[in-house]
Amino acid sequence: MFEVYRKEIKWGGKLLTFETGKIARQADGAVMVTYGGTTVLCTAVGALTAKPGIDFFPLTVNYQEKTFAAGRIPGGFF
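Notes on the structure follow. Here the structure is a predicted model, which means the values were calculated and not measured. (Residues numbered from 1 in each chain as written. Predicted model: local features only at pLDDT ≥ 70, side-chain atom pairs only at ≥ 80, totals over all residues. Heavy atoms only, no water.)

Some points on the overall build of the protein
Tallying secondary structure elements over the protein gives zero helices and four strands in all. Of the regular secondary structure in the protein, the N- to C-terminal order runs β-β-β-β. Partitioning the intrachain contacts of the protein with sequence separation of at least 6 by distance along the chain shows that 1% fall at a separation of at least 24. Looking at the protein as shown, the accessible area adds up to about 7,400 Å², and 60% of this sits on carbon and sulfur atoms. (Helix = DSSP H or I, 4+ residues; strand = E, 2+ residues; numbered from the N terminus. Contact = heavy atoms within 4.5 Å. Areas by Shrake-Rupley, 256 points an atom, 1.4 Å probe, with all protein chains shown as cover.)

Examining the environment of alanine 44
Position of alanine 44 among the secondary structure elements: in strand β4 (residues 38-44). Sequence separation of alanine 44 and alanine 30 is 14 residues, and the distance between their C-alpha atoms is 6.3 Å. Leaving out residues up to four positions away in the same chain, alanine 44 has contacts with Ala27, Asp28 and Gly29.

Side note on the pattern of salt bridges
As enumerated under the stated definition, the model contains three salt bridges in all. A salt bridge links arginine 6 to glutamate 8; the nearest nitrogen and oxygen atoms lie 2.9 Å apart. (Salt bridge = Lys/Arg side-chain N within 4 Å of Asp/Glu carboxyl O.)

Focus on the packing of aromatic side chains
How two aromatic rings sit relative to each other is given by the distance of their centres and the angle of their planes. Here the structure, examined in full by the defined rule, presents one aromatic pair. Looking at arginine 25, its charged tip hangs above the ring of phenylalanine 2, at a distance of 3.9 Å from the centre. (Phe/Tyr/Trp six-rings, centres within 6.5 Å; stacked < 30°, edge-to-face > 60°. Lys NZ or Arg CZ within 6 Å of the ring centre and 35° of its normal.)

Thoughts on the layout of surface pockets
Estimates place the volume of the largest pocket at around 860 Å³. In terms of lining, the largest pocket is formed by 23 residues, of which the most central are Thr43, Ala44, Thr60, Val61 and Asn62. Partitioned by chemical class, the residues of the lining of the largest pocket number 14 nonpolar, eight polar and one charged. (1 Å grid on protein atoms, 1.4 Å probe; cavity = no way out; pocket = protein on both sides within 12 Å on 5 of 7 lines; lining within 4 Å. Points joined across faces, edges and corners; volume = space filled by probe spheres on them. Nonpolar A, V, L, I, M, F, W, Y, C, P; charged D, E, K, R; others polar.)

As for the environment of alanine 27
Tracing the backbone through its elements, the reader meets alanine 27 in the loop between β2 (14-20) and β3 (29-35). For alanine 27 and threonine 43, which are 16 residues apart along the polypeptide, the C-alpha to C-alpha distance reads 6.4 Å.

Here we look at a nonpolar patch on the surface
Together, Ile9, Trp11 and Phe18 line one region of the surface with nonpolar side chains, adding up to about 300 Å² of accessible area. Along the chain, the position of phenylalanine 18 falls in strand β2. (Patch = residues over 30% accessible without salt bridge, like charges linked within 9 Å, V, L, I, M, F, W, Y side chains within 5 Å.)

Details of the side chain of glutamate 19
For glutamate 19, the location among the structural elements is in strand β2. Classification of glutamate 19 as buried rests on a relative accessible area of 11%. Reaching out from glutamate 19, the side chain makes a polar contact with the side chain of arginine 6 at a distance of 3.4 Å. (Buried < 20%, exposed > 50% of the residue type's maximum accessible area, 1.4 Å probe, protein only. Polar contact = N/O pair within 3.5 Å; in protein donor to acceptor, adjacent residues only side chain to side chain.)

Function-wise, these values are silent; they only describe arrangement.
Next up, the structure:
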């Protein structure tokens, strides 16, 4: 059905894994990188044609950190 590419290498004594084609298939490009216990998903989306009148390359970076990653659960009491 879909081609999943996976590359694993040893780096710094831990396994570094690159995987694409499995998730975020609506994006133009997506890779999931895992190193030790950390996983990062990187995606990229682009338009097929340039917008008229724009003479620069607009770039937006969205960073989203979930609160439960830091041990904070919304509505919970510690």
